[in-house]
Amino acid sequence: MLIDVHSHIDSEEFNSDRDSILKKCNIIVVDAGINYENNLKVLEIVAKYSNVIPAIGLHPENINYDDPEGEIDRVTSLASKAEIISEIGLDYYWIKDEEKRKVQREILGILLSIAEKENKPVVVHVRGGLKDFLEIIASFKVRFDIHAYEGSVKNAMKIVEMGGYISFPPVIVRDKQRQNVALNVPKERVLTETDSPFLGPTRDRNEPCNVKVTLEALSTLWRVDTKEIEEIIFQNFRRFLNKSY
Ligand SMILES: [Zn+2]
């Protein structure tokens, strides 16, 4: 069973062929919501497809900075319907304003406390704010995965030491730094993802079954058979979710 721990399969890019895309391979796909309206869309999608898992979240780039309190209330009202809290995190790459970054940290704290209370893992977007993220996550007992991690090996090892997972999108095939991280982190802390429709092996629309491309890249790097890695990732995902599939 293949695992896509982070996708946006609800995106309109898939409106014409979502059915066939989700049936192309034997896969469990996590669909991550980025704001309130999008979370509703995620819930619609999971009602239709038994292999899609709902993740409810508020992406740092999609916070309504004019009304963060209203936005977070609406999002958290849906959290009980999620199996994973995502997409959440810190984005200091696009958001440079210090006030807005502070709002991001507050919202992240609120969502992490819900994840902790409801014993749900989180899949996190961190661009440029890793130091702050690690400080914040340290005060919560939450299983976490850094999606599309793009940092150094040294910081990857810090994430692992703190109990975190790292997921690799198919873009790993053209990204030496991610390959280097994959070579260094323990296999039992690795997950596969696509961030569909983004981060594909080429610049075309990415899709969940492309996690096979990540598996092949890991197979070359680790010198382990693809089937064996598929099983390792599946077991990692079960542990991450604390569920039996
Ligand atoms: Zn995403």
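Residues numbered from 1 in each chain as written. Predicted model: local features only at pLDDT ≥ 70, side-chain atom pairs only at ≥ 80, totals over all residues.

Participant: In this structure, what is going on with the overall build of the protein chain? I would like to understand it.
Facilitator: Looking only at helices and strands, the protein chain has 9 helices and 8 strands in total. In terms of overall size, the protein chain behaves like a compact globule, its C-alpha atoms giving a radius of gyration of 17 Å where 245 residues would be expected to give roughly 18 Å. If you line up the protein chain on its principal axes, its C-alpha atoms span 50 × 40 × 35 Å. In the protein chain, which comprises 245 residues, the share counted as buried stands at 45%. Contacts in the protein chain between residues far apart in sequence, at least 24 positions, make up 67% of those at least 6 positions apart. (Helix = DSSP H or I, 4+ residues; strand = E, 2+ residues; numbered from the N terminus. Rg over C-alpha atoms; globule rule 2.2 N^0.38 Å. Buried ≥ 20, exposed ≤ 12 C-beta atoms within 10 Å, placed from the backbone. Contact = placed C-beta atoms within 7 Å.)

Participant: Where do I start with the packing of helix α4 (residues 98–117) against helix α5 (residues 130–137) in this structure?
Facilitator: Two quantities define a packed helix pair, namely the angle between the axes and the distance from one axis to the other. Packing of α4 against α5 leaves a shortest axis separation of 11 Å and a crossing angle of 35°. At the point where α4 passes α5, the crossing takes the right-handed sense. Residue-level contacts link Arg 105, Leu 108, Gly 109 and Leu 112 of α4 to Asp 132, Ile 136 and Ile 137 of α5. Here the contact of α4 with α5 is built from residues that sort into 4 nonpolar, 1 polar and 2 charged. (Axes fitted to C-alpha atoms, helices over the stretch in contact; angles between N-to-C directions. Left-handed = near helix turned anticlockwise from the far one by under 90°. Nonpolar A, V, L, I, M, F, W, Y, C, P; charged D, E, K, R; others polar.)

Participant: Mind showing me how you'd approach the pairing of strand β1 (residues 2–7) here?
Facilitator: The two faces of the sheet receive side chains in turn, since in a regular strand these alternate between them. Of all the 6 residues making up β1, 6 are buried; the element is thus mostly covered by neighbouring parts of the structure. Pairing of β1 with strand β2 (residues 27–32), which is carried by 4 bridges, proceeds in the parallel orientation. Note that in β2 the partner of Ile 3 across the bridge is Ile 28. (Pairing = 2+ DSSP bridges.)

Participant: Can you walk me through α5 in this structure?
Facilitator: The α-helix advances 3.6 residues per turn, and as a result positions three or four apart in sequence lie on the same side. Turning to α5, its buried residues number three or more, namely Leu 130, Phe 133 and Ile 137. For α5, the buried positions fall inside an angular range of 55° around the axis, keeping them on one side. In this structure, the buried side of α5 is in contact with β4 (84–91), α4, β5 (122–127), β6 (144–147) and α6 (153–161). (Arc of directions from axis to C-beta.)

Participant: What am I meant to see in the nonpolar core here?
Facilitator: In summary, soluble globular proteins display a tendency toward joint burial of nonpolar side chains. Judged by nonpolar contacts, the single largest core of 70 residues is most densely connected at Ala 55, Ile 85, Leu 111, Val 122 and Ile 166. When residues of this core are assigned to their parent elements, the largest contribution, 6 residues, is made by α4. (Core = buried A, V, L, I, M, F, W, Y, C linked by C-beta atoms within 7 Å.)

Participant: What's the story with the UniProt feature "binding site: a divalent metal cation 1" (unreviewed entry) in the protein chain in this structure? I'm lost.
Facilitator: The UniProt record annotates "binding site: a divalent metal cation 1" (unreviewed entry) at His 6, His 8, Glu 87 and Asp 195. Maximum C-alpha separation among the annotated residues is 10.5 Å over a sequence range of 190 residues, consistent with a single clustered spot. Mapped onto the fold, His 8 is located in the loop between β1 and α1 (18–23). Not counting residues within four places of it along the chain, the set of residues in contact with His 8 comprises Asp 31, Ala 32, Ser 196 and Pro 197. Within the secondary structure layout, Glu 87 lies in strand β4. Excluding anything up to four places from it in sequence, Glu 87 contacts Ala 32, Gly 33, Ile 34, Gly 57, His 59, Val 123 and His 125. (UniProt positions renumbered as here; feature names shortened; annotations may be inferred.)

Participant: Can you help me understand the UniProt feature "binding site: a divalent metal cation 2" (unreviewed entry) in the protein chain in this one?
Facilitator: UniProt annotation of "binding site: a divalent metal cation 2" (unreviewed entry) refers to His 125 and His 147 when read in the numbering used here. Across 23 residues of sequence, these annotated residues stay compact in space, with a maximum C-alpha separation of 5.7 Å. Tracing the chain through its elements places His 125 in strand β5. Relative to the helices and strands, His 147 resides in strand β6.

Participant: What's the story with the sheet that holds strand β8 (residues 190–192) in this structure? I'm lost.
Facilitator: Taking strand neighbours across the sheet as the criterion, the 8 strands line up as β1-β2-β3-β4-β5-β6-β7-β8 in an open arrangement whose pairing is parallel. If you trace the sheet from one side to the other, it starts and ends with β1 and β8, each paired once. In this sheet, neighbouring strand axes are inclined to one another by 30° on average, regardless of whether the strands run parallel or antiparallel. Taken together, the 4 bridges between β2 and strand β3 (residues 52–56) define a ladder with parallel strand orientation.

Participant: Could you clarify how one ought to interpret the environment of Ile 88 in this entry?
Facilitator: By the element assignment, Ile 88 lies in strand β4. Residues Ile 88 and Val 122 lie 34 residues apart in sequence; the distance between their C-alpha atoms is 7.7 Å. In contact with Ile 88, not counting residues within four places along its chain, are Gly 57, Leu 58, Leu 108, Leu 111, Val 122 and Val 124.

Participant: What should I look at first to understand the environment of Lys 117 in this one?
Facilitator: In this structure, Lys 117 sits in helix α4. According to the C-beta neighbour criterion, Lys 117 is exposed, with 11 such atoms within 10 Å. Residues Lys 117 and Phe 140, 23 residues apart in the sequence, show an inter-C-alpha distance of 9.8 Å.

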